[in-house]
Amino acid sequence: MTNTTKHTTTSKKQDTPQSFSFGWEVEKRNVFYESKVLGTQKVSNLIPNRFALVRDDNDKWLSTVSDRYTPFYNRRFERIVNSYMELGSTNPMIQEFNGGGRLSVQLKNVGIETEALTGQIMSDTGINIDDAHKGYITMINGHDKRTPWMFGLTIVRIVCKNTYTMALKDLKDGNALYAGKHLKSSEIDWVTMENSIVSASKTMKDYMFAIEQMKNSVWRKEDNQKFFMDAFGMKGSGKSKYGKRLEGLMWNFDITYNKYATQFGSDNKYTAFNAVTHIVDHDASEKQQERGWAEIGRGRAIKERAFELLSA
């Protein structure tokens, strides 16, 4: 069976991204057998606790399942893909195998907004995936009774059955952020996944809107020192509740600010915000980096405080 490849594209001229869809859904239908009555006439009899999984676009049978089987509908991954597309992701890559019995959709994990959303999802799940496996946002599902539904990151681009199997193994080996079986008990896993991703997407859209507002807001360099002290939690005496080492960072702030002002070509709030994030991310000590202070520790709190101050 050859696989089917589809691409959904978006036009850069559109203000709203084109909505993504698989174009078909799966249905759980009753199964019957025939028995003879009155000679050549036949009657259909319902087979209890057995159902056929069928495509709704061409009535193709995909598998026969029990009453315990709960389909993971295609539209569920559509919601996730559209959450990414609303932040600028494009060209979702669909693959279908065995007539739709196995399928996948992938997005390149590139771009500031896309990577930020993926990072937020990873933070919500508490699962850390190494950079080598962050190439593709990968969603896998099956209507064949055997394949689970999974969402995660893989290095593999799915183009054939072999790469589908490789990506599935990649997710099973620890690179899945969410996964579940086709059972009623896994429905809570799906609800958790959807709520987390949709919420993170909305948060990211609000964040990017605030960033655009910063870019359009003029900033006075004379306010740098007060802003730095407020963002880093430093009092008027120059003493910081985060340790003496940060006192010296004030001297680096103006230099870093000037660098970004030259890069962006203007003095605005976004320039000031980048100066803070640069210092937190790049001037942290080795011990602070090992403890992840820029992502989950005090460094992150400093960046969040700077963001709040500038977007107020």
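In this report, the structure presented in the accompanying data block is examined.

Procedures and definitions
Residues numbered from 1 in each chain as written. Predicted model: local features only at pLDDT ≥ 70, side-chain atom pairs only at ≥ 80, totals over all residues. Heavy atoms only, no water. Helix = DSSP H or I, 4+ residues; strand = E, 2+ residues; numbered from the N terminus. Contact = heavy atoms within 4.5 Å. Areas by Shrake-Rupley, 256 points an atom, 1.4 Å probe, with all protein chains shown as cover. Phe/Tyr/Trp six-rings, centres within 6.5 Å; stacked < 30°, edge-to-face > 60°. Lys NZ or Arg CZ within 6 Å of the ring centre and 35° of its normal. Salt bridge = Lys/Arg side-chain N within 4 Å of Asp/Glu carboxyl O. Buried < 20%, exposed > 50% of the residue type's maximum accessible area, 1.4 Å probe, protein only. Axes fitted to C-alpha atoms, helices over the stretch in contact; angles between N-to-C directions. Parallel < 35°, antiparallel > 145°, perpendicular 65-115°, else oblique. Nonpolar A, V, L, I, M, F, W, Y, C, P; charged D, E, K, R; others polar. Pairing = 2+ DSSP bridges. Left-handed = near helix turned anticlockwise from the far one by under 90°. Core = buried A, V, L, I, M, F, W, Y, C linked by side-chain atoms within 4.5 Å. Patch = residues over 30% accessible without salt bridge, like charges linked within 9 Å, V, L, I, M, F, W, Y side chains within 5 Å.

To continue, consider the overall build of the protein. Within the protein, the secondary structure is distributed over nine helices and nine strands. Partitioning the contacts of the protein with sequence separation of at least 6, the portion at a separation of at least 24 is 63%. If you sum the accessible surface of the protein, you get close to 17000 Å²; carbon and sulfur atoms cover 50% of it.

This part takes up the packing of aromatic side chains. Counting across every chain of the model gives 13 aromatic pairs. Relative to Phe227, the ring of Trp219 has its centre 5.4 Å away and its plane inclined at 70°; by these criteria the two rings are edge-to-face. Members of the aromatic cluster, each reached through a chain of ring pairs, are Trp219, Phe227, Phe228, Phe232 and Phe253. Directly above the ring of Tyr73 sits Arg75, whose terminal nitrogen or CZ lies 4.3 Å from the centroid. The ring of Tyr270 has Lys215 sitting right over it, with the charged end atom 5.0 Å from the ring centre.

One pass over the structure, following the stated rule, counts 17 salt bridges. Where Glu96 meets Arg55, a salt bridge forms, and the shortest distance between an N and an O atom there is 3.3 Å. With Glu96 in strand β5 (residues 93–97) and Arg55 in strand β3 (residues 41–55), the pair connects residues that are 41 residues apart, well separated along the chain. By the burial criterion, Glu96 is buried, and Arg55 matches it.

Where helix α7 (residues 269–282) meets helix α9 (residues 298–311), the axes come as close as 10 Å, and the angle between the chain directions of the two elements is 175°. By the criterion of interaxial angle, the relationship of α7 to α9 is roughly antiparallel. Only Gly299, Ile302, Lys303, Ala306, Phe307 and Leu310 of α9 make contact with α7, whose side of the interface consists of Lys269, Ala272, Phe273, Val276, Thr277, Val280 and Asp281. Its residues assigned to classes, the contact of α7 with α9 shows eight nonpolar, two polar and three charged.

Burial of strand β8 (residues 149–154) is extensive: six of the six residues sit out of reach of the surface. Along β8, one buried face is formed by Trp149, Phe151 and Leu153 and the opposite face, lined by Met150, Gly152 and Thr154, is buried too. Bridge count for strand β7 (residues 136–142) against β8 is five bridges, and the pairing is antiparallel. Residue pairing for β8: Ile140 is matched across the bridge by Met150. With four bridges connecting them, β8 and strand β9 (residues 176–180) associate as antiparallel partners. In the strand pairing of β9, Gly152 is matched with Ala176.

Here we come to unusual backbone geometry. In this model, Asp59 sits at a positive phi of 60°, which is unusual for a non-glycine residue. With phi around 55°, Asn98 is a residue other than glycine that occupies positive phi space. When its relative accessible area of 33% is taken as the criterion, Asn98 is described as partly exposed.

So, about the sheet that holds β3. The three strands lie next to each other as β2-β3-β4, forming an open sheet whose pairing is antiparallel. In this open sheet, the two strands that pair with only one neighbour each are β2 (26–37) and β4 (61–66). Averaged over all adjacent pairs, the angle separating strand axes in this sheet is 50°, with direction ignored. Examined bridge by bridge, β2 and β3 share 11 bridges and lie antiparallel to one another. Its bridge partner lying in β3, Glu27 is registered against Val54.

The N-to-C vectors of helix α2 (residues 112–125) and helix α4 (residues 187–215) enclose an angle of 135°; their axes lie 9 Å apart at closest approach. Comparing their axes, α4 and α2 come out oblique. Between α2 and α4 the crossing geometry is right-handed. Taking contact as the criterion, the partners of Glu113, Ala116, Leu117, Gln120, Ile121 and Asp124 in α2 are, on α4, Ser196, Ile197, Ala200, Ser201, Met204 and Met208.

Attention now moves to the nonpolar core. Counting residues in hydrophobic clusters, the biggest one holds 37 residues, and the most contacted among them are Ile80, Tyr84, Ile121, Met139, Phe151 and Met193. Looking at this core element by element, the count peaks at six residues for α4. Filtering out sequence-adjacent residues up to four positions away, Ile80 remains in contact with Met139, Phe151, Trp190, Met193, Glu194 and Ile197.

Let us look at a nonpolar patch on the surface. Together, Val37, Leu38 and Val43 make up a nonpolar patch on the protein surface, roughly 270 Å² of accessible area in all. Mapped onto the elements of the fold, Leu38 is located in the loop between β2 and β3.

Attention now goes to helix α5 (residues 224–231). Those residues of α5 lying buried are Asn224, Phe227, Phe228, Met229 and Ala231. Elements that come into contact with the buried residues of α5 comprise α6 (249–264), α7 and α9. Following α5 by one or two positions, Gly233 has its phi on the positive side, about 70°.

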